[in-house]
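For reference, the chains in residue letters:
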Amino acid sequence: MNESKVIELRRDLGLWGAISIVVGTVIGSGIFLVPRAMVLRVGSPSMVFVVWVFGGLLSLCGALSYAELAAAMPEAGGEYVYLREAYGPLWGFLYGWTQMWVAKSGSIATLATAFFYYLTNFFPLLDGVFYTVPLPLGAHGAPLDLRYGQLLAMALILFLAGVNYFGVKLGGEVQIIVTIVKVLLIAFIVVAGLGFGKAHAPAPASVPHPLTIAGFFAALVAALWAYDGWNNVSMVASEIRQPQRSLPLALIGGTLAVIAIYLTANAAYFHVLSAQQVGSSERVAADMMRRVVGGWGAHAVSIAAMISIFAALNGSILSGARVPYAMARDRLFFASVAKVNAAYHTPGVSILALSAWSALLVLSGRYEQLFTYVIFASWILYGMTTAAVIVLRLKKPDLPRPYKTLAYPVLPVLFVLVAISLVLSTLFDSPRESLLGLGFIFLGLPFYFYWKRRLA
């Protein structure tokens, strides 16, 4: 611990680096995959847009609330710090525990799985099974198949861990470059669809799935997976220059940019493809581009998706590793995780630990299973964190707040109410994955009391 107290993290990330973490981490694989799940849940393109707008505004409410917290407490760990200050160290610990073992690691594993999923377009052998675990660990209690592509996904996670180990400045520069490239590629897809794509032939305006409340929230879960990550920049707050200015700008500006990108991309999809065609497409963007420019367009989408996922993975590892580091600094996690590398001023052990666990999670299941329990576990604590804006206004009225939440307390309350509804709906819709997420959260309790006793 002595070394970590002397060697500190450095503020090497500027405003553009912070914005690229928001945009680059949020836009991963979801925009290329989830429109199918959404239209099957809500039935019509118009309702898909309603869900996208609702999810985007909900994320914006969260970003506006987080901006106040991040500007007031620009420390490593993001939500870990806000929950600790609002509710006490137990809740901060449970958040950090969930991020380490379920939410952030699960999100990283999900992105890496999606990367290999797209790479199979070029190398189909990657989808081949090299071993089957004869235990009920797979989907619906089936044996677990291990695929060659999963090994590649694990290698990608560990490669990006190495990039971020060698400095937040290097990780930030990589994030800026790949985020710019991915936004340009998505813009190309949108222009191709809206500008050169032929509108689909007249077809029924919906798929045969009547709209229900459960269906709406299930579609919202899919949309929020695509929006997930807007909060990540707060985790790396201690390494951002001028955090009181840069963090609110990155959170709000980045979230607005993502909403605009998602809506225009979906406009292109539904211009070229009917609701039925989107609902039956495993790769919506690729099928749209195939109709517009032919087979090479589908391959271009796969490349765009992989670059997008690469940026999201890099941003997730860069930001997520700061949470276990912050826990360890408070002596509520393994002491070695608090060490800062003397040469590169990064939490090297934390980066490697999070990445290694995420790589192991790649073997645990399929894309949709992973993101369901990630979203469920995350939104319990997202809601509590947003409520911390109100709690800290009462608990610490004299805390300097360079930025204050717009329309306080309406927006934080709205966010919390929807978060509660989302959590309950997901629990009923996907009980197995949701209970797995809850189990991981509560599994942290004995470890918290163990580390707490060591502090006494």
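Everything numeric in this text was worked out from a predicted model, so none of it was measured.

Peer 1: How should I be thinking about the overall build of the chain in this particular structure?
Peer 2: Broken down by element type, the chain carries 18 helices and 2 strands. For the chain, the C-alpha radius of gyration of 21 Å lies close to 23 Å, the compact-globule estimate for 456 residues. The principal-axis extents of the C-alpha atoms in the chain amount to approximately 70 × 50 × 40 Å. Relative to its 456 residues, the chain shows a buried fraction of 59%. Expressed as a percentage of contacts within the chain between residues at least 6 apart in sequence, the contacts between residues at least 24 apart total 82%. For the chain, the distance from the average position of its 30 positive side-chain charges to the average position of its 19 negative side-chain charges is 2 Å.

Peer 1: What is the right way to read the pattern of salt bridges from this model?
Peer 2: Inspection of the entire model under this criterion finds 13 salt bridges. As a salt-bridge pair, E68 and R393 come within 2.8 Å of each other at their nearest N and O atoms. A residue pair is termed long-range when its members are at least 10 positions apart, and E68 in helix α4 (residues 45-72) and R393 in helix α16 (residues 367-395) qualify at 325 residues. Here E68 falls in the buried class, since its relative accessible area comes to 1%. Across the salt bridge formed by E85 and R84, the nearest N and O atoms sit 3.0 Å from each other. The pair formed by E85 and R84 is uniform in burial state, with each residue classed as buried.

Peer 1: I tried to follow the environment of K404 on my own but got confused; where do I start?
Peer 2: With respect to the secondary-structure elements, K404 resides in the loop between α16 and α17 (410-429). Once the C-alpha coordinates of K404 and S65 are considered, the two residues, 339 residues apart in sequence, prove to be 8.0 Å apart. Discounting residues that sit within four places of it in the chain, K404 has contacts with E68 and R393.

Peer 1: Which parts of the structure should I look at to understand helix α7 (residues 148-165)?
Peer 2: Note: α-helices contain 3.6 residues per turn, so residues at a spacing of three or four share the same orientation. In this model, α7 (18 residues) spans 26 Å end to end at C-alpha, consistent with the 26 Å of a helix rising 1.5 Å per residue. Within α7, the full set of buried residues consists of G149, Q150, A153, M154, L156, I157, L160, A161, V163 and N164. On its buried face, α7 is in contact with α6 (89-119), β2 (144-147), α8 (168-196), α13 (295-320) and α15 (348-361). Immediately beyond the C-terminal end of α7, within one or two residues, lies G167, with a positive phi of roughly 125°.

Peer 1: Got a minute to help me understand the side chain of R322 in this structure?
Peer 2: Position of R322 relative to the elements: it lies in helix α14 (residues 322-329). Within polar-contact distance, the side chain of R322 engages the side chain of E239 at 2.8 Å. In contact with R322, not counting residues within four places along its chain, are A76, G77, V168, M235, V236, E239, I317, T346, P347 and I351.

Peer 1: Would you explain the packing of aromatic side chains in this entry?
Peer 2: The relative placement of two aromatic rings is captured by the distance of their centres and the angle of their planes. Overall, the coordinates contain 32 aromatic pairs when judged by the stated rule. Consider the rings of F216 and F217, whose centres lie 5.8 Å apart with planes at 90°: the pair is edge-to-face. Taken individually, F216 and F217 each receive the classification buried, so the pair is uniform in this respect. Among the aromatic residues, those joined into a ring-pair cluster are F93, W97, W101, F333, F334, W357, F447, Y448, F449, Y450 and W451. A cation sits over an aromatic face here: R283 above Y117, 4.7 Å from the ring centre.

Peer 1: What is the right way to look at the environment of P412 in this model?
Peer 2: By secondary structure assignment, the location of P412 is in helix α17. A residue is classified by how much of its surface remains accessible, and P412, at 0% relative accessible area, is buried. Distance in space between the C-alpha atoms of P412 and V389 is 7.3 Å, their sequence separation being 23 residues. Setting aside anything within four residues of it in sequence, one finds P412 in contact with S65, T386, I390 and T405.

Peer 1: Explanation requested: the side chain of N314 in the structure shown.
Peer 2: Within the fold, N314 resides in helix α13. Residue class for N314 comes out buried when judged on its relative accessible area of 0%. Among the polar contacts made by the side chain of N314, one reaches the main-chain carbonyl oxygen of G171 at a distance of 3.2 Å. Contacts of N314, omitting those with residues within four sequence positions, involve L160, V163, N164, G171, V174 and Q175.

Peer 1: So what exactly am I meant to see when it comes to the packing of helix α3 (residues 30-42) against helix α10 (residues 243-272) here?
Peer 2: The axes of two packed helices give the description: the angle between them and the distance between them. Interhelical geometry of α3 versus α10 gives an angle of 65° and a closest axis separation of 11 Å. The hand of the α3/α10 crossing is right-handed. Of the residues in α10, those in contact with I31, F32, P35 and V39 of α3 are Y262, A265, N266, Y269 and F270. In the contact of α3 with α10, the residues fall into 8 nonpolar, 1 polar and no charged.

Peer 1: It is not clear to me how empty space enclosed by the protein should be interpreted in this structure. Could you clarify?
Peer 2: If a probe the size of a water molecule is rolled over the atoms, the empty space left behind becomes visible. Within the structure shown, the criterion is met by 3 cavities of 30 Å³ or more. Reported here for the largest cavity is a volume of approximately 100 Å³. What lines the largest cavity is a set of 15 residues, and nearest its centre among them are T25, V26, S107, W225 and D228. Contributions of two or more residues to the lining of the largest cavity are made by α2 (15-26), α6 and α9 (213-227). As a volume, the second largest cavity reaches approximately 50 Å³. Every residue lining the second largest cavity is counted, 11 residues in all, and those nearest its centre are Q99, K104, D228, S378 and Y382. Of all the secondary-structure elements, those providing two or more residues to the lining of the second largest cavity are α6 and α16. Among the elements that take part in the lining of the second largest cavity, α6 stands out by supplying 4 residues, more than any other. Within the lining of the second largest cavity, the residues separate by chemical class into 4 nonpolar, 5 polar and 2 charged.

Peer 1: What am I meant to see in the nonpolar core here?
Peer 2: Grouped burial of nonpolar side chains is what soluble globular proteins tend to show. F32, M38, W52, V233, Y262, L313 and W379 are the most contacted members of the largest nonpolar core, which totals 143 residues. With 15 residues, the top contributor of residues to this core is α4. In this view, L313 contacts I108, L111, A112, L156, I157 and L160; residues no more than four positions away in its chain are not counted. Core analysis: the second largest hydrophobic core is formed by 5 residues, L9, A76, Y325 and V340 among them.

Conventions adopted
Residues numbered from 1 in each chain as written. Predicted model: local features only at pLDDT ≥ 70, side-chain atom pairs only at ≥ 80, totals over all residues. Heavy atoms only, no water. Helix = DSSP H or I, 4+ residues; strand = E, 2+ residues; numbered from the N terminus. Rg over C-alpha atoms; globule rule 2.2 N^0.38 Å. Buried < 20%, exposed > 50% of the residue type's maximum accessible area, 1.4 Å probe, protein only. Contact = heavy atoms within 4.5 Å. Lys, Arg positive; Asp, Glu negative; His and termini not counted. Charge placed at Lys NZ, Arg CZ, Asp CG, Glu CD. Salt bridge = Lys/Arg side-chain N within 4 Å of Asp/Glu carboxyl O. Expected span 1.5 Å × (residues − 1). Polar contact = N/O pair within 3.5 Å; in protein donor to acceptor, adjacent residues only side chain to side chain. Phe/Tyr/Trp six-rings, centres within 6.5 Å; stacked < 30°, edge-to-face > 60°. Lys NZ or Arg CZ within 6 Å of the ring centre and 35° of its normal. Axes fitted to C-alpha atoms, helices over the stretch in contact; angles between N-to-C directions. Left-handed = near helix turned anticlockwise from the far one by under 90°. Nonpolar A, V, L, I, M, F, W, Y, C, P; charged D, E, K, R; others polar. 1 Å grid on protein atoms, 1.4 Å probe; cavity = no way out; pocket = protein on both sides within 12 Å on 5 of 7 lines; lining within 4 Å. Points joined across faces, edges and corners; volume = space filled by probe spheres on them. Core = buried A, V, L, I, M, F, W, Y, C linked by side-chain atoms within 4.5 Å.

Scope: geometric values only; no functional claims are made or implied.
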